[in-house]
Amino acid sequence: MNRIPTKLKEDKKLLSIYFTAGYPSLDDTTTIIQNLEKSGVDMIEIGLPFSDPLADGPTIQASSTQALKNGMTTEVLFDQLKDIRKTVSIPLIIMGYFNPMLQYGVEDFCKKCQEIGIDGLIIPDLPVDVYHEQYKAIFEKYGIINVFLITPQTSMERIHFIDSISNGFIYMVSSASVTGSSSGFGEEQTNYFKRIADMQLNNPQVIGFGISNNETFIQATAHAKGAIIGSAFIKHLTNKGVSQIDSFVKNILN
Amino acid sequence: MNYNINEKGYYGEFGGAYIPEMLYPNVEELRQNYLKVMAEPEFQKEFNQLLKDYVGRPSPLYFAKRLSKKYNTKVYLKREDLNHTGAHKINNTIGQILMAKRLGKHRIIAETGAGQHGVATATVCALMGLECIVYMGEIDIARQAPNVARMKMLGATVVPALSGSRTLKDATNEAIRDWINNPVDTHYIIGSVVGPHPYPDMVARFQAVVSEEIQWQLQEHEGKTNPDYVVACVGGGSNAAGAYYHFLENTDVKLIAIEAAGLGVDSGESAATSVLGKEGIIHGSKTLLMQTNDGQITEPYSISAGLDYPGVGPMHAHLYKTGRAEFIAITDDQAMNAGLELCKLEGIIPAIESSHALAVFEQKKFQPEDVVVLSLSGRGDKDLQNYIDYFKF
Ligand SMILES: Cc1ncc(COP(=O)(O)O)c(C=O)c1O
């Protein structure tokens, strides 16, 4: 049974944290995951680093470059995660760009995810229509949920289409931006959050991009099921290392 | 066999639009409009007028007598080097700036490697009075100082790309990120037949004027519209796409694509994408690209900054895969010597990119009666320092 839908049914606002696998050090992956779960995080996005992360701002770019220098690869990541389900029970999602998955083989990738106990994938540069036509059957065969993004510019019609082919949650990008760029949400974003909430979609929404602290977490989850923090957590890792994850999460959840 | 794009935006299995959702509205707006806009008589008129009066088209198709004699075949040079700003790049930027205006955009972004496309973009932005931001790798900024100065004189803002390997591929990433951050008022002028659909097709159509002219010019020279060979260098592939365009479906015309081998295809310092690349996704397009086994994009090398790209346009990936075009890799040394030879034989200093194409004559034997049209994509002014350093003039 996939852990994402079960988690989404819990009667609380969800905190999801993104980190780049292989950063700060190559072997931090499992420690970070375990510490995040212990600190009360609901869901984790494990970033598979890519040389050319188009949708990411400087913070995640730099962590990806460093992770690759540290020696992170798809094989290494899968190897690090092979026993993760012995200690961790919250939903785990791999977020990465399409080319490394394509080189690994999309079917092999999904199969490996199932073996390890990865629940979902977020692939920003795999377009919805290509997924729908070419890869949906493979994902379903291995019970992997594919999570799609929407943005303030996404048309109503397209949102409904995305909702119709989603079976976990919809990743709502908070503003027209790459990761890590915004500071605080204004009226424009709040209106967008409300507009989407009012659409009464089948899939719950989780908001990401630009969430960095308790205030933005509360603003985002006022209109959505949960929120995702990425760049702010990477910055925390850069400054404080992996030992003080607990204090970071406490500050968000307050 | 069909060698041009299909209605879904693919050349065979290559192409498509592998873009984050954040780019979808921009790219979709362009996809829905580009053919319609290009077909408007007003657009055509303005485009052709500017190509004529501002760019200086048609560019001559010059019979290179001494070069022909040396290699015992008939060589015609398509003189894109004589265009305003010194290369074929301006054909595309003129087209795209008119497109941007039709779409109501008033902020223009571009990527550049050597700076040729950056200069061509800055030029048309000055012409139209539009804001221009050019992304350029920090390393390229240092090695292409004159073009950086040109862009600044033309009023453009040059933003250094500090991420990754700080060259063309990273400048392209930064331009794409800018477009994500500015989805409404901005048009991204891509400089070659790369990127997500519809870019490869749109850029190829703007460059297609090159082969359109070759047809009637050859008619004047030779009494026939079709050459036996068309030769062009391939970085992303735009000058080649333009030179091939009207001959794509006519297999009597043989197409030769020249890639940069750098220090040698097996040296680890090369940009010969067709040999070293594997199918994958780069900058929103499924194509051939140089990458690790793990799918990380690798950094190419060539003495020519304009050929120093780890991918190739999807049209060319298809031409390679189907065997429609013959791909030949030329090293730095072969290119530099061929460039110098053209100076001595014809009094033309070519861009180092074009010098790669010229090196074909040392690699491949043509028949005396063969008509070989070679795309002389640019002039060598921008490369003077490279030539000086190489030959120690
Ligand atoms: C003179 C010249 N030729 C060729 C190229 C390579 O680009 P493409 O393959 O798109 O024609 C460049 C790129 O900067 C150039 O400046």
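The rules behind these values
Residues numbered from 1 in each chain as written. Chains lettered and ligands numbered in written order. Predicted model: local features only at pLDDT ≥ 70, side-chain atom pairs only at ≥ 80, totals over all residues. Heavy atoms only, no water. Helix = DSSP H or I, 4+ residues; strand = E, 2+ residues; numbered from the N terminus. Rg over C-alpha atoms; globule rule 2.2 N^0.38 Å. Buried < 20%, exposed > 50% of the residue type's maximum accessible area, 1.4 Å probe, protein only. Contact = heavy atoms within 4.5 Å. Areas by Shrake-Rupley, 256 points an atom, 1.4 Å probe, with all protein chains shown as cover. Lys, Arg positive; Asp, Glu negative; His and termini not counted. Charge placed at Lys NZ, Arg CZ, Asp CG, Glu CD. Buried area = accessible area lost by both parts, 1.4 Å probe. Salt bridge = Lys/Arg side-chain N within 4 Å of Asp/Glu carboxyl O. Polar contact = N/O pair within 3.5 Å; in protein donor to acceptor, adjacent residues only side chain to side chain. Expected span 1.5 Å × (residues − 1). Domains from an automatic or database assignment. Near = heavy atom within 4 Å. Nonpolar A, V, L, I, M, F, W, Y, C, P; charged D, E, K, R; others polar.

This part is about the overall build of chain A. Assigned secondary structure in chain A consists of twelve helices and nine strands. Against the compact-globule benchmark of 18 Å for 254 residues, chain A has a radius of gyration of 17 Å, which places it among compact chains. If one aligns the C-alpha atoms of chain A with their principal axes, the spans along those axes are about 45 × 40 × 35 Å. Expressed as a percentage of the 254 residues in chain A, the buried residues total 61%. The long-range share in chain A, meaning contacts at least 24 apart out of those at least 6 apart in sequence, stands at 74%. Accessible surface for chain A amounts to roughly 9600 Å². Of this, 48% is attributable to carbon and sulfur atoms.

This part takes up the overall build of chain B. Broken down by element type, chain B carries 17 helices and 14 strands. Computed over the C-alpha atoms, the radius of gyration of chain B is 19 Å, within 12% of the 21 Å expected from 2.2 N^0.38 for a compact globule of 393 residues. Each of the three principal axes of chain B carries a C-alpha extent, and together these read 55 × 45 × 40 Å. For chain B, the proportion of its 393 residues judged to be buried stands at 65%. Of all intrachain contacts in chain B linking residues separated by at least 6 positions in sequence, the fraction that spans at least 24 positions is 73%. With 37 positive and 46 negative side-chain charges, chain B shows a spacing of 3 Å between the two charge centroids.

Bringing the interface of chain B and chain A into the picture now. Counting residues at the interface gives 34 residues for chain B and 38 residues for chain A. When chain B packs against chain A, the two sides together hide about 2800 Å² of surface, and 53% of this comes from carbon and sulfur. Interface area lost by chain B to chain A is led by E21(B), M22(B) and R177(B), which between them contribute 23%. Counting across the interface, chain B meets chain A through three salt bridges. The partner of D52(A) in a salt bridge is K169(B), with the nearest N and O atoms 2.9 Å apart. For the pair chain B and chain A, the number of links is 18 residue pairs in polar contact (both at pLDDT 80 or more).

The next subject is the side chain of N91(B). All names here are of chain B. By the element assignment, N91 lies in helix 4 (residues 89-102). Judged by its relative accessible area of 0%, N91 falls in the buried class. Only 2.9 Å separates the side chain of N91 from the side chain of Q207, close enough to count as a polar contact. In contact with N91, other than residues within four places in its own chain, are F47, L51, V55, R57, E80, N83, F206, Q207, V209 and V210.

Residue and element names in this part refer to chain B. The terminal C-alpha atoms of helix 10 (residues 209-222) lie 20 Å apart, and with 14 residues this matches the ideal 20 Å at 1.5 Å per residue to within 8%. When helix 10 is considered as a whole, its buried residues turn out to be V209, V210, S211, E213, I214, Q217 and L218. Immediately downstream of helix 10, the backbone of G223 shows phi near 70°, a positive value.

With that out of the way, let us pick up the domain arrangement of chain B. All names here are of chain B. Here chain B is partitioned into domain 1 (11-50 + 89-203) and domain 2 (57-87 + 208-391). Just the C-alpha atoms count here: the centres of domain 1 and domain 2 sit 22 Å apart. Taken together, the contact between domain 1 and domain 2 spans 36 residues of the former and 38 residues of the latter. Both faces combined, the contact of domain 1 with domain 2 buries some 3000 Å², and carbon together with sulfur accounts for 61% of it. Taken as a group, F14, Y18 and K169 account for 22% of the area that domain 1 buries against domain 2, more than any other trio of residues on that side.

What follows deals with the site of the ligand. Residue and element names in this part refer to chain B. Close contacts around the ligand come from 18 residues, with S192, G235, G237, S238 and S377 the closest. At 2.9 Å, a side-chain N or O of H88 approaches an oxygen atom of the ligand. A distance of 2.7 Å separates a nitrogen atom of the ligand from a polar side-chain atom of S377. For the ligand, whose unbound accessible area comes to 390 Å², protein coverage reaches 97%. Broken down by class, the residue content of the shell around the ligand amounts to five nonpolar, eleven polar and two charged.

As a further point, take the environment of S285(B). Residue and element names in this part refer to chain B. In this fold, S285 is placed in strand 12 (residues 285-289). For S285, a relative accessible area of 1% corresponds to the buried category. Linking S285 and I303, residues 18 residues apart in sequence, is a C-alpha distance of 25 Å. Discounting chain neighbours no more than four positions away, the residues touching S285 are G15, G16, Y18, G195, G280 and P314.

As a further point, take the pattern of salt bridges. Evaluated as defined, the whole model comprises 37 salt bridges over all chains. A salt bridge links R166(B) to E138(B), with the shortest nitrogen-to-oxygen separation between them at 3.0 Å. Of this pair, R166(B) sits in the loop between strand 7 (157-161) and helix 8 (168-181) while E138(B) sits in helix 6 (residues 138-143), and the two are 28 residues apart along the sequence. Residue class for R166(B) comes out partly exposed when judged on its relative accessible area of 30%. Connected through salt bridges with shared partners, the residues K7(A), E10(A), K12(A) and D42(A) form a single ionic network.

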